[in-house]
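Residues per chain, in single letters:
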Amino acid sequence: MSKYPTQTTKLKITADHGGKCALCGLGGKKIYTNSKEENQLDSFNIGQFAHIHSENNCGPRYDKKIPDSFLSSKENFLLLCSNHHNYIDQNVKMFPAKKLKKIRKNHVENIRKRLDLKVIERVIIILLRDDYFGGLNTSTIQNTLSESEVVVNYLDFRTQTQNSSKILWEEGFQYYIDKWNEFKTDFFEDLKSSIDCFHIYGITQIPYVFFFGLLFNDTPKLFSHQWNREENKWEGFSETDKSEIFKPSISIHDTDDIILKIELSSKINNKIIDKLGLNLKNQASLQVEDPSRTWLKSLNQTKSFLNHYRNLMDEIKEQLPKSEIHLFYAGPVPPLFQMASAYNPRMDRPINIYYYYINPDTKLSEYKFVFNSVEIMQKYNFL
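Analysis parameters
- Residues numbered from 1 in each chain as written.
- Predicted model: local features only at pLDDT ≥ 70, side-chain atom pairs only at ≥ 80, totals over all residues.
- Heavy atoms only, no water.
- Buried < 20%, exposed > 50% of the residue type's maximum accessible area, 1.4 Å probe, protein only.
- Helix = DSSP H or I, 4+ residues; strand = E, 2+ residues; numbered from the N terminus.
- Pairing = 2+ DSSP bridges.
- Axes fitted to C-alpha atoms, helices over the stretch in contact; angles between N-to-C directions.
- Contact = heavy atoms within 4.5 Å.
- Salt bridge = Lys/Arg side-chain N within 4 Å of Asp/Glu carboxyl O.
- pLDDT = per-residue confidence, 0-100.

Asks: Is there a simple way to think about the pairing of strand 4 (residues 149-159) in this case?
Replies: The side chains of a regular strand alternate between both faces of the sheet. Judged by how many residues are buried, strand 4 sits mostly within the fold: 10 of 11 residues are covered. The sheet contact formed by strand 3 (residues 121-130) and strand 4 spans 10 bridges and is parallel. Paired with I124 across the two strands is N153, which belongs to strand 4.

Asks: Would you take a moment to explain the environment of G25 for this structure?
Replies: In this structure, G25 sits in the loop between helix 1 (7-16) and strand 1 (47-51). Along the primary structure G25 and L79 are separated by 54 residues, whereas in three dimensions their C-alpha atoms are 9.8 Å apart.

Asks: Please explain the sheet that holds strand 13 (residues 365-372) as it appears in this structure.
Replies: Paired through backbone hydrogen bonds, the strands of a sheet run either parallel or antiparallel to each other. With respect to topology, six strands assemble into an open sheet ordered 8-10-9-11-12-13, the strand pairing being mixed. The sheet terminates laterally at strand 8 (246-251) and strand 13, the two strands that pair on one side only. Ignoring which end each strand starts from, the neighbouring axes of this sheet average 20° apart. Note: strand 9 (residues 258-263) against strand 11 (residues 325-330), six bridges, orientation parallel. Bridge pairing in strand 11 places K261 opposite F328. The strands touched by helix 8 (residues 299-319) within the sheet are strand 8, strand 9, strand 10 (283-288), strand 11 and strand 12 (351-358), with strand 8 carrying the most contacts at an inclination of about 10°.

Asks: Explanation requested: the pattern of salt bridges in the structure shown.
Replies: Two side chains with opposite charge may pair up if their charged atoms get near one another. Scanning the entire structure with this criterion turns up 10 salt bridges. Of the charged contacts, one joins E109 and K105 as a salt bridge, the two residues approaching to 2.9 Å between their closest N and O atoms. Here E109 and its partner K105 are both found in helix 4 (residues 97-116), four residues apart, which amounts to about one turn of the helix. K379 is the partner of E170 in a salt bridge, and the nearest nitrogen-oxygen pair spans 2.7 Å. Linking E170 in helix 5 (residues 169-191) with K379 in helix 10 (residues 373-379), this pair joins segments that are 209 residues apart in sequence.

Asks: Sorry if this is basic, but what is going on with the confidence of the model for the chain here?
Replies: Any residue range with low pLDDT should be treated as having predicted coordinates unsuitable for detailed reading. Confidence in the prediction for the chain averages 83 pLDDT; 85% of positions are at 70 or higher. Element-level pLDDT for the chain is lowest in helix 1, with a mean of 78, against a maximum mean of 97 in strand 11.

Below is the structure:
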């Protein structure tokens, strides 16, 4: 049996400690980890897992009577800042195993009490990105979290999208599913009752955002953050900014399917949609007065958008109860992710998701159909 903790055990240690050093309590916004695995955010790599009983006979507090099963368990580890890790190992007489076990017990119990009192919140960070949009400044993520939030886990979903006209969507969706299921099996099932919220940070292709949002169907406490391309940073949203004024519209002339255009960052050209051979007579749209890439700045804007979107979806269902919706989206990730997580296949009409790209042969803008919301939820057992 291994004497070293698995990645799952490390995440549980972090959760038990509330993401804070057991001696000085530092941490707060950051996760302590000494792992260099592919799904780690380097900007959160600021601390270490410290053995109570060393795994080898040359290490501090080694005891040959301790079984390997305990050596690799979460009970044999403290979550410490690097300074205190060195301090306890260099001062073994001051910090014998019995004292460290008591420190661990008191710290974990204190974290649980603070959780019960809602003094701190345990959060999970999820990063959605691909190489098509280039590098992201992950160090600014910590600035979007409040002082009361501690990160107990994070998932880094990174897809390969070098050629935007030849994306292997099925491979990407399977990657999302496999990684999400692995996370649920290894970590989430044990701790889901104590997770207060998810923070979603995404800059990737529209179909990936919508697909991942379907995984969070009706999940409470979701916060999706905006990437500011001009300033190269993630933004925390203000609660006080004024709500945006939206201009919803709907025009129906027959009983066929309907096109829904969401125009938040730019206008959508009907001439490009027309290349798909869709019926342009039935159209609904939801747009802001001045679409731009820097439009989204507050939670109120997202809330207002979702209210208008729900009303529009209800009106479509009432007027076209057997239609499908062809969605064309031009906007930031947060509203789209919230749209998908709020999608109800039993209440809403099926949505066809399209992808905008530049055809490398013709150098012209085009849309490509990627998936149908109901069909993909059935395929991956979301329903």
